[in-house]
Amino acid sequence: MLVRLLYASRAVDTSPAAIEAILTQSRQHNPGCGITGVLCYGGGVFLQAIEGGRAAVSDLYGHIQRDVRHKNVELLHYEEISERRFGGWTMGQVNLSKINHSILLKYSEKPELDPYAVSGKVSFALLEELMATAAIIGRA
């Protein structure tokens, strides 16, 4: 059974090296577990969608909740899915400092990433738009 989980968290360390370490670890770990997804980050905030088998996604989310690199981890949306939406990425990435801020403004009160202030469906719609506009990089 496939599931998709969407969560938000705040970065403890916002340095480019810390972000890259998280992406590198994801890209090394995820293929063996059958996990795909995308990590969106900006202003010290992560928005991440992870897809895969129910047990693998649940295990990964539990690890993220205990990971000292994240704080304020909050589940935004969880659902059973019939197919993956982010299957082309072991862990794609979006650096919001490099996109047109009108995309963010379309989904929130201000042109900044704040998944804590919107519904999970709105956050997922943002990820869908970022995918449609080719803002997601890091295909693997």
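Look a little higher up for the structure.
What comes next is a walk through the structure. Treat the numbers as computed from the prediction; the structure is a model and nothing was measured.

**Digging into the overall build of the protein**
Now for step 1: Assigned secondary structure in the protein consists of 4 helices and 5 strands.
Now for step 2: Relative to the globule expectation of 14 Å for 140 residues, the C-alpha radius of gyration of the protein, 14 Å, shows essentially globular dimensions.
Now for step 3: In terms of overall dimensions, the protein has a C-alpha envelope of 35 × 30 × 25 Å along the principal axes.
Now for step 4: Split by element, the accessible area of the protein, about 7100 Å² in all, is 52% carbon and sulfur.
Now for step 5: Taking the average place of the 14 positive charges on the side chains of the protein and the average place of its 14 negative ones, the gap between the two points comes to 2 Å.

**With respect to the pattern of salt bridges**
Now for step 1: Tallied over the entire structure, the rule returns 6 salt bridges.
Now for step 2: Glu79 is paired through a salt bridge with Arg4; the nearest N and O atoms lie 2.8 Å apart. Of this pair, Glu79 sits in strand E4 (residues 70-81) while Arg4 sits in strand E1 (residues 2-11), and the two are 75 residues apart along the sequence.
Now for step 3: A salt bridge links Asp67 to Arg69, with the nearest nitrogen and oxygen atoms 2.7 Å apart.
Now for step 4: Overall, Asp67 belongs to the buried group, its relative accessible area being 11%.
Now for step 5: Using a relative accessible area of 26% as the deciding quantity, one classes Arg69 as partly exposed.
Now for step 6: Salt bridges linked by common partners bring Arg4, Glu51 and Glu79 together as one network.

**With respect to the packing of aromatic side chains**
Now for step 1: Overall, the coordinates contain 2 aromatic pairs when judged by the stated rule.
Now for step 2: On the basis of an interplanar angle of 55° and a centroid distance of 5.9 Å, the ring pair of Tyr7 and Tyr61 is categorised as tilted. One end of the pair, Tyr7, is in strand E1; the other, Tyr61, is in helix H2 (residues 54-66), and 54 residues separate them in sequence.
Now for step 3: Among the residues examined, Tyr7 registers a relative accessible area of 1% and is labelled buried.
Now for step 4: Look at Tyr61 and you get buried, because its relative accessible area is 11%.

**Topic: the pairing of strand E3 (residues 45-53)**
Now for step 1: Taking burial as the measure, the 9 residues of E3 include 8 buried ones, the bulk of the element.
Now for step 2: With 9 bridges joining them, E1 and E3 adopt antiparallel strand pairing. The residue of E3 that forms the bridge with Leu5 is Ile50.
Now for step 3: Taken together, the 7 bridges between strand E2 (residues 36-42) and E3 define a ladder with antiparallel strand orientation. When the bridges of E3 are listed, Gly42 appears paired with Val45.
Now for step 4: Linking E2 back to E3 in an antiparallel pair, the connection comprises 2 residues, with Gly43 at a positive phi of about 60°.

About the thresholds
Residues numbered from 1 in each chain as written. Predicted model: local features only at pLDDT ≥ 70, side-chain atom pairs only at ≥ 80, totals over all residues. Heavy atoms only, no water. Helix = DSSP H or I, 4+ residues; strand = E, 2+ residues; numbered from the N terminus. Rg over C-alpha atoms; globule rule 2.2 N^0.38 Å. Areas by Shrake-Rupley, 256 points an atom, 1.4 Å probe, with all protein chains shown as cover. Lys, Arg positive; Asp, Glu negative; His and termini not counted. Charge placed at Lys NZ, Arg CZ, Asp CG, Glu CD. Salt bridge = Lys/Arg side-chain N within 4 Å of Asp/Glu carboxyl O. Buried < 20%, exposed > 50% of the residue type's maximum accessible area, 1.4 Å probe, protein only. Phe/Tyr/Trp six-rings, centres within 6.5 Å; stacked < 30°, edge-to-face > 60°. Pairing = 2+ DSSP bridges.

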